[in-house]
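Here is how the chains run, residue by residue.
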Amino acid sequence: MLKDFNTYLESIDSEFWSLLCREQGVLRKYKKGEEFITIGKVARYIGLIKEGSVKYVAYTANYDEKIVGLETVDGFAASWPFCLQGLPSIVSIIANSDLEMYCLSVSKINELAKNDLCVERQIAQANEQLFYTAYERLISLYIQSPKERYNTLIEKSPRVFEIFDLKDIASFLNITPQHLSRLRKANVKQS
């Protein structure tokens, strides 16, 4: 899991969401490359990853793929909070490997929230923490060099290169794969 990297996981009640997904969700399998959520469509489910990993993908005007998020085992996959509001997703969420995920219906979450203040609070907390994580990442693009972003990533998630392709990690860091290779080589020389 990328818990240290996806900092929102430290601040939400992950156990609440995990239990909800396991008890009321349906275990589904996705093949590598298969979409869980499609950009431009309203997401009907959130997912708890049991096995495998996903990448969050956005596209430029030229249809170049940009990786804007990464998630692994015990992490969540969702077009949050857009799915709760019935709005189209601004990303696609794609299986990075063969994937098993507990899929919980968004309509079930909304139904529970109408009748349970605790669920409503959990949603508000998740919204707030995801905002903080996204905002931290946005600011880091302005104040950190690519090397600093790379160092932060491997410090928080040393196994990231075992799980995701180099090109996807480079895209996530907003650098070229060649630049990432140079950073990795320089890091090995310093060790």
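One structure accompanies this document, and this report is about it.

About the criteria used
- Residues numbered from 1 in each chain as written.
- Predicted model: local features only at pLDDT ≥ 70, side-chain atom pairs only at ≥ 80, totals over all residues.
- Heavy atoms only, no water.
- Pairing = 2+ DSSP bridges.
- Helix = DSSP H or I, 4+ residues; strand = E, 2+ residues; numbered from the N terminus.
- Axes fitted to C-alpha atoms, helices over the stretch in contact; angles between N-to-C directions.
- Contact = heavy atoms within 4.5 Å.
- Expected span 1.5 Å × (residues − 1).
- Buried < 20%, exposed > 50% of the residue type's maximum accessible area, 1.4 Å probe, protein only.
- Polar contact = N/O pair within 3.5 Å; in protein donor to acceptor, adjacent residues only side chain to side chain.
- Parallel < 35°, antiparallel > 145°, perpendicular 65-115°, else oblique.
- Nonpolar A, V, L, I, M, F, W, Y, C, P; charged D, E, K, R; others polar.

Concerning the sheet that holds strand 3 (residues 45-51)
At step 1: The 4 strands are arranged 1-8-3-6 in an open sheet whose pairing can be described as antiparallel. The open sheet is flanked by strand 1 (26-30) and strand 6 (76-77), the only strands paired with a single partner.
At step 2: Where strand 1 and strand 8 (residues 99-105) come together, 5 bridges link them in antiparallel fashion. If you follow Y30 over to strand 8, its bridge partner there is L99.

Description of the sheet that holds strand 7 (residues 92-95)
Picture the strands of a sheet paired through backbone hydrogen bonds; they go either parallel or antiparallel.
At step 1: Across the sheet, which stays open at both edges, the 4 strands sit in the order 2-7-4-5 with antiparallel pairing between neighbours. Since the sheet does not close on itself, it has two edges, and those belong to strand 2 (35-37) and strand 5 (65-71), each with one partner. On average, adjacent strands in this sheet sit at an angle of 35 degrees to one another, irrespective of strand direction.
At step 2: Summarising the sheet, strand 4 (residues 54-59) and strand 5 pair through 6 bridges and their orientation is antiparallel. Across the sheet, residue A58 finds its bridge partner in strand 5, namely K66.
At step 3: Of the strands in this sheet, strand 4 and strand 5 are in contact with helix 7 (residues 166-173), which crosses strand 5 at around 95 degrees.

A short note on helix 4 (residues 117-143)
At step 1: For helix 4, with 27 residues, the first-to-last C-alpha span of 39 Å sits near the 39 Å given by 1.5 Å per residue.
At step 2: Of the residues making up helix 4, those classed as buried are V119, Q122, I123, A126, Q129, T133 and S140.
At step 3: Two to three positions downstream of the cap, the backbone nitrogen of C118 sits 2.8 Å from a side-chain oxygen, assigning the N-cap of helix 4 to D116.

Describing the packing of helix 7 against helix 8 (residues 177-190)
At step 1: Between helix 7 and helix 8, the least distance of the axes is 8 Å, while the angle of their chain directions is 95 degrees. Regarding the angle of helix 7 to helix 8, the classification is roughly perpendicular. Counted together, L166, K167, I169, A170 and L173 of helix 7 and P177, L180, S181 and R184 of helix 8 form the full contact between these two elements.
At step 2: Of the residues in the contact of helix 7 with helix 8, the class split is 6 nonpolar, 1 polar and 2 charged.

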